[in-house]
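One letter stands for each residue in the lines below.
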Amino acid sequence: MALALVKEVAVAANAPRFLYLHWPFGHALGEPGNLAQQRTVLHDMLSMAALAPRPGLVIELPYRWRRESYPSVRDWATPSEAVVSAVSL
Amino acid sequence: MDTLNQQQIDSIEQGPLGRTTNRDDKPARTHTGRLKEFFERKFSNSAVLFGVVPIGTSLGRWVSKIIALPQLRKLATGEVPWAPLRKPVSESTVVLLSTGGVHLRSDRPFNLNGDPTFRMIPKDALQADLTISHQAYDKTDALRDINLVFPIERLRELEAECVIGRLAEEHYGFGLMGSAKRLMPSIKEVARRIRKSGVDLALLVPA
């Protein structure tokens, strides 16, 4: 289960599971001290690990850099909305 | 292992830099910062090329593509490897790998011009025990909060909350290496160690 910050590289890597974020290098989990953001990304990673139906998927997460607020992850057992909607497309 | 109660979880999520969550169900959208976002994406968080030349984010992405894509077209062919998760995440053993140049302060730094080796990082390593040797990305924020490139503290919390079953005893850091071929012996050794240690799920985080 991998994070990617360059979409073309993620697609070309042909790896089992990729989540792509349009965020700067050095910030794959987000902003310093933003625990809710970091936990959101981890929730997405764990959700994809459990839910990906086939290899080779690159799911693009919708979070805009420094323009979002992140709610607390309350139920880790439920897959994240971002991953569920991408997988069901 | 004791589960953190809701009060403890709330205090974790407020974080040392102040309140960072909202309590609504959906992400709240801030008002326009499009120009600011454009500049931050294109120009700030500069990497340094060859240790000397500052380059903006866009050029950094282009450089990473021209280095990686030709190699991937040759190497990443054929069937995609696939191992479905055989247990719930809450029972799984998780290992963390980073290519952000993270290592123990007490360990040998990565060669900034390219390094085909890896470093082992124990599961209980604290922020203060870790440092970064990598010059192809702006590591200012990651040095303030190592979780941006190596979320070991966040994963320790998730282990305590029983979100994941267990954190592996050993985790792995890689530095800058433009040649996949030169990196292969290290990759194979790390894969061997991970397989031997009974890990169920590997999380990979880029620089």
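Just above, that's the structure.
Note that the coordinates shown come from a computational prediction; the quantities given were computed from them, not determined experimentally.

## Considering the overall build of chain A
Check the secondary structure of chain A and you find three helices and four strands. Sequence-ordered secondary structure for chain A, helices as α and strands as β, is β-α-β-α-β-β-α. The C-alpha atoms of chain A give a radius of gyration of 12 Å, which matches the 12 Å a tight globule of 89 residues would have. Counting over 89 residues, chain A shows a buried share of 55%. Taking contacts inside chain A between residues at least 6 apart in sequence as the whole, the part at least 24 apart equals 67%.

## Focus on the interface of chain B and chain A
Between chain B and chain A, the residue contacts involve 56 residues of the former and 44 residues of the latter. Elements supplying a minimum of two residues to the side of chain B that touches chain A: α1 (6–14), β1 (21–22), α2 (34–42), α3 (57–75), α4 (140–144), α5 (152–160) and β10 (201–205) of chain B. If one sorts the elements of the side of chain B that touches chain A by residue count, α3 of chain B sits on top with nine residues. When its residues are assigned to classes, the side of chain B that touches chain A shows 29 nonpolar, 11 polar and 16 charged.

## Description of unusual backbone geometry
Here the phi dihedral of Arg66 of chain A falls at roughly 60 degrees; this positive angle occurs in a residue that is not glycine. Tracing the backbone shows Arg66 of chain A in the loop between β3 (57–60) and β4 (70–71). Arg66 of chain A gets classed as partly exposed once you count the C-beta atoms within 10 Å, which come to 18. With a phi angle near 60 degrees, Cys162 of chain B is a residue other than glycine that sits in the positive phi range. Assignment of secondary structure puts Cys162 of chain B in the loop between α5 and β8 (166–167).

Cut-offs applied
- Residues numbered from 1 in each chain as written.
- Chains lettered and ligands numbered in written order.
- Predicted model: local features only at pLDDT ≥ 70, side-chain atom pairs only at ≥ 80, totals over all residues.
- Helix = DSSP H or I, 4+ residues; strand = E, 2+ residues; numbered from the N terminus.
- Rg over C-alpha atoms; globule rule 2.2 N^0.38 Å.
- Buried ≥ 20, exposed ≤ 12 C-beta atoms within 10 Å, placed from the backbone.
- Contact = placed C-beta atoms within 7 Å.
- Nonpolar A, V, L, I, M, F, W, Y, C, P; charged D, E, K, R; others polar.

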